[in-house]
Amino acid sequence: MGLVYSWLVAANRARILDGALLAKSLRERVRVEAESIAARGAPPFLRVILVGENAASMTYVASKTRAAQEAGCGAETIRLPDSIPPKRLLDEVRRANSDEAVDGLLVQLPLPAGHDPRAVADAVDPGKDVDGLHPENVGLLAQGRPRFVPCTAAGIVELLDANAVGIEGAEAVVLGRSEIVGKPVAALLTSRNATVTLCHSRTRNLPEVCRRADILIAAIGRAGFVTRGFVKEGAAVVDVGINRLDSLDAAPPNLRRSARVKETIASKGRILVGDVDFDDVSPAAGWITPVPGGVGPLTIAMLLANTVKAARLRR
Ligand code: GUN
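Keep in mind that what you see is a predicted model, and the values were worked out from it rather than measured.

Asks: How do you make sense of the packing of helix 7 (residues 151-162) against helix 8 (residues 182-191) when you look at a structure like this?
Replies: Helix packing for two helices is described by the angle between their axes and how far apart those axes are. Packing of helix 7 against helix 8 leaves a shortest axis separation of 8 Å and a crossing angle of 40°. With respect to helix 8, the axis of helix 7 lies oblique. Between helix 7 and helix 8 lies a crossing whose hand is right-handed. Of the residues in helix 8, those touching helix 7 at Ala153, Ala154, Ile156, Val157 and Leu160 are Pro184, Val185, Leu188 and Leu189.

Asks: I tried to follow the packing of aromatic side chains on my own but got confused; where do I start?
Replies: How two aromatic rings sit relative to each other is set out by the distance from centre to centre and by the angle between their planes. Throughout the structure, instances matching the rule amount to one aromatic pair. Between phenylalanine 225 and phenylalanine 230, the ring centres sit 5.5 Å apart and the planes meet at 65°, which makes this aromatic pair edge-to-face. Residue placement shows arginine 15 over the ring face of tryptophan 287; its charged tip is 4.3 Å from the ring centre.

Asks: How should I be thinking about unusual backbone geometry in this particular structure?
Replies: Peptide bonds are, in most cases, trans, and in most cases residues other than glycine have a negative phi. Leucine 109 connects to proline 110 through a cis peptide bond whose omega is 0°. The peptide bond linking valine 291 to proline 292 adopts the cis configuration, its omega dihedral lying at 0°. For proline 292, the position within the fold is in the loop between strand 11 (287-288) and helix 13 (296-314). Backbone geometry at alanine 164 places phi at a positive 55°, although glycine is not the residue there. Residue position: alanine 164 is located in the loop between helix 7 and strand 5 (171-175).

Asks: How should the environment of alanine 266 be read in this particular structure?
Replies: Of note, alanine 266 is situated in helix 11 (residues 259-268). You can call alanine 266 exposed: its relative accessible area is 69%. It is 8.6 Å that separates the C-alpha atoms of alanine 266 and leucine 248, two residues lying 18 residues apart in sequence.

Asks: How should the environment of proline 146 be read in this particular structure?
Replies: Its location among the elements puts proline 146 in the loop between helix 6 (135-142) and helix 7. Residue classification places proline 146 among the partly exposed residues on the basis of a relative accessible area of 38%. Each C-alpha atom of the pair proline 146 and serine 63 lies 26 Å from the other, and the pair is 83 residues apart in sequence.

Asks: Please clarify how the sheet that holds strand 2 (residues 45-51) should be interpreted in this entry.
Replies: Within a sheet, neighbouring strands are paired by backbone hydrogen bonds and run either parallel or antiparallel to one another. The three strands lie next to each other as 3-2-4, forming an open sheet whose pairing is parallel. Looking at the sheet topology across the chains shown, the edges are occupied by strand 3 (74-80) and strand 4 (104-107). On average, adjacent strands in this sheet sit at an angle of 15° to one another, irrespective of strand direction. When strand 2 meets strand 3, the two strands line up parallel, connected through seven bridges. The residue bridging leucine 46 from the neighbouring strand is alanine 75, located in strand 3.

Asks: Could you clarify how one ought to interpret the site of the ligand in this entry?
Replies: Around the ligand sit Lys64, Leu106, Val107, Gln108, Leu109, Asp131 and Ile180, and those are all the residues in its vicinity. The contact in question runs from a nitrogen atom of the ligand to an N or O atom on the backbone of valine 107, over 2.9 Å. In the complex, the protein chains occlude 81% of the 280 Å² of accessible area that the ligand would expose alone. Considering only residue class, the shell around the ligand consists of four nonpolar, one polar and two charged.

Asks: Any chance you could explain the pairing of strand 7 (residues 215-218) here in plain terms?
Replies: Within a regular strand, side chains alternate between the sheet's two faces. Here strand 7 shows two buried faces, one formed by Ile215 and Ile217 and the other by Leu216 and Ala218. Summarising the sheet, strand 7 and strand 8 (residues 236-239) pair through four bridges and their orientation is parallel. By the bridge assignment, leucine 216 is partnered in strand 8 with valine 237.

The rules behind these values
Residues numbered from 1 in each chain as written. Predicted model: local features only at pLDDT ≥ 70, side-chain atom pairs only at ≥ 80, totals over all residues. Heavy atoms only, no water. Axes fitted to C-alpha atoms, helices over the stretch in contact; angles between N-to-C directions. Helix = DSSP H or I, 4+ residues; strand = E, 2+ residues; numbered from the N terminus. Parallel < 35°, antiparallel > 145°, perpendicular 65-115°, else oblique. Left-handed = near helix turned anticlockwise from the far one by under 90°. Contact = heavy atoms within 4.5 Å. Phe/Tyr/Trp six-rings, centres within 6.5 Å; stacked < 30°, edge-to-face > 60°. Lys NZ or Arg CZ within 6 Å of the ring centre and 35° of its normal. Buried < 20%, exposed > 50% of the residue type's maximum accessible area, 1.4 Å probe, protein only. Pairing = 2+ DSSP bridges. Near = heavy atom within 4 Å. Polar contact = N/O pair within 3.5 Å; in protein donor to acceptor, adjacent residues only side chain to side chain. Areas by Shrake-Rupley, 256 points an atom, 1.4 Å probe, with all protein chains shown as cover. Nonpolar A, V, L, I, M, F, W, Y, C, P; charged D, E, K, R; others polar.

Okay, structure coming up:
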């Protein structure tokens, strides 16, 4: 466990699922593989397409290309203006598809209004689809023979495995049915013989359903939504949320009471919090991911793993 999290352990019972630590070892494994591919020709190459100026997307994309380069891969970002017509974006995707130098292609989401993310995913060469969003890759995952799995979903299962959280036979509840996290993680856990319930905004008796979970995965994008009443004693709680709060007023009442949230906003003017109320939940949970430092670093590590895989499959 990283020293950084010692303050969390002192105050809480749950063991920390340390994504940052695991991501480091996964990135090292990628670097070794990238070097062996490079020795036989060019290193694996990732192209990211970024449309517009969304500040969070710009930060994520910079982290992705930097991590790729640090792991011995080639990486570049093609930046397109907000105003680009949807047809021109699809042309840019096709240009990457037919570029022999590109192994992995990712179009950063969310796209500006007017673009159809589904049409973009459909247009990506399924052999270069390191995001795992092309219907061919979605179908392979649904059939239990995954090729490219969306990075966050793949990272969650790596994190559970690395910490020996048993999946087979476990009750898993996934909160959120997005194409990028909720649905693929439900499919992965199903293929690993968990009993999976996929919940969403219309699910009735949500806390009661969540309390069944041995493994609870929160991916709904609502700060501090999952509180103690959602969690069975000893459960593994995986928090996918990355919510930025710029003031105490922006926090829900339960987080406003947290000394840590108050102090961080007072000193830094902002805080990143997950979908789980960490302070409330961690005394009951068996395992829990911190935010930041839980699932986030694994998303990038799995993107690199997918890029190396694409290079291996293509060559
Ligand atoms: N935006 C936030 N997460 C992701 C991701 O995993 N892939 C893409 N393409 N966009 C994202």
